[in-house]
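Close look at the chain arrangement
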Amino acid sequence: MRVVKLGGSLFDNMPHNIFACLAYIATQSIPTIVVCGGGEFANCVRHAQRQWHFSDVCAHEMAILAMQQTALMSQTLFPAFTLFTSVQTMPYPNLAIWFPSIHELNANRVPASWDITSDSLAAWLANQVQATQLLVIKACDVDSNIAIDDLAQNGIVDAQFPHFVKNASYRVTILSASAFLNL
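Attention here is on the structure that accompanies the text. Owing to the predicted nature of the structure, the values given are computational and were not obtained by experimental measurement. (Residues numbered from 1 in each chain as written. Predicted model: local features only at pLDDT ≥ 70, side-chain atom pairs only at ≥ 80, totals over all residues. Heavy atoms only, no water.)

**Considering the nonpolar core**
- In this structure, Val3, Ile33, Trp98 and Leu134 are the most contacted members of the largest nonpolar core, which totals 33 residues.
- Among the elements of the structure, strand E2 (32-36), helix H3 (56-77), strand E4 (95-98), helix H4 (102-107), helix H5 (118-128), strand E5 (133-138), helix H6 (148-153) and helix H7 (161-165) are those that each provide at least two residues to this core.
- The element contributing the most residues to this core is H5, with 6 residues.
- Among residues more than four places away in sequence, those in contact with Ile33 are Met1, Arg2, Val3, Val4, Phe84, Met90, Ala96, Trp98, Leu125 and Val129.
- In this structure, Val4, Phe81, Leu135 and Ala177 belong to the second largest nonpolar core, which totals 22 residues. (Core = buried A, V, L, I, M, F, W, Y, C linked by side-chain atoms within 4.5 Å. Buried < 20%, exposed > 50% of the residue type's maximum accessible area, 1.4 Å probe, protein only. Helix = DSSP H or I, 4+ residues; strand = E, 2+ residues; numbered from the N terminus. Contact = heavy atoms within 4.5 Å.)

**Focus: helix H2 (residues 39-52)**
- Between its first and last C-alpha atoms H2 spans 20 Å; for 14 residues at 1.5 Å apiece the expected length is 20 Å, and the two agree.
- Among all positions of H2, only Gly39, Ala42, Val45, Ala48 and Gln49 are buried.
- Looking at the buried positions of H2, the neighbouring elements they touch are H3.
- Looking one or two places after H2, you find His53, whose phi comes out positive at around 60 degrees. (Expected span 1.5 Å × (residues − 1).)

**A word on the pattern of salt bridges**
- A full pass over the atoms with the stated rule returns 2 salt bridges.
- Of the charged contacts in the structure, one is a salt bridge between Lys138 and Asp119, with a shortest N-O distance of 2.9 Å. Here Asp119 lies in helix H5 and Lys138 lies in strand E5, a separation of 19 residues in the sequence. Accessibility classification places Lys138 together with Asp119 in one group, the buried group.
- When salt bridges with common partners are traced through the structure, they connect Lys5, Asp119 and Lys138 into a single cluster. (Salt bridge = Lys/Arg side-chain N within 4 Å of Asp/Glu carboxyl O.)

**Comments concerning the packing of H2 against H3**
- For the pair H2 and H3, interaxial distance at closest approach is 8 Å and the crossing angle is 160 degrees. By the angle between their axes, H2 is roughly antiparallel relative to H3. Where H2 crosses over H3, the handedness of that crossing is right-handed. Here Phe41, Ala42, Val45 and Gln49 of H2 come into contact with H3, specifically with Asp56, Ala59, Met62, Ala63, Ala66, Gln69, Thr70 and Met73. (Axes fitted to C-alpha atoms, helices over the stretch in contact; angles between N-to-C directions. Parallel < 35°, antiparallel > 145°, perpendicular 65-115°, else oblique. Left-handed = near helix turned anticlockwise from the far one by under 90°.)

**A few points about the packing of aromatic side chains**
- Applying the stated criterion to the full structure yields 4 aromatic pairs.
- Geometrically, the ring pair formed by Phe19 and Phe78 is stacked, given 6.3 Å between the ring centres and 15 degrees between the ring planes. With a gap of 59 residues between them, Phe19 in helix H1 (residues 18-27) and Phe78 in the loop between H3 and strand E3 (82-84) connect regions that are remote in the sequence.
- Residue Phe19 is classed as partly exposed on the basis of its relative accessible area of 22%.
- Its relative accessible area of 19% is what places Phe78 among the buried residues. (Phe/Tyr/Trp six-rings, centres within 6.5 Å; stacked < 30°, edge-to-face > 60°.)

Here is the structure:
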């Protein structure tokens, strides 16, 4: 089982967008859980927090809702994927999209912070489901020779991502959508 995190910025990345990635995944014979970033929905949360000054806990939960929106939209457009919410009740189909549960993340004490985005949540999920691989697909170019800590410092992955993958039993690969689509 692999986890593939599709960055929310891929919604705007033509022609290598999130939907091209989902179509590509659907053609492979690899059991895959997709984690969708929040994209513009999460950007709206960032903007609203700057304007209204609500807490990071509230913003974190709203950003999870943003991920749910992109998951729902993606699954609707690609019905070959099964939508699931809980790690404990996750079916093991060939293709699934995670509809993250705020309650499950809170119960597992995942901190509420902008230092933890869908990148780290995908790593958390990969740990929970004992994935063999985590692919983090980005809209930008990614140099495969750069260490994960440096990718975090450069803002390619979130600040806490190195912590979430530090003792991972799975292979971590961070690459651009165009590189992913050419695997």
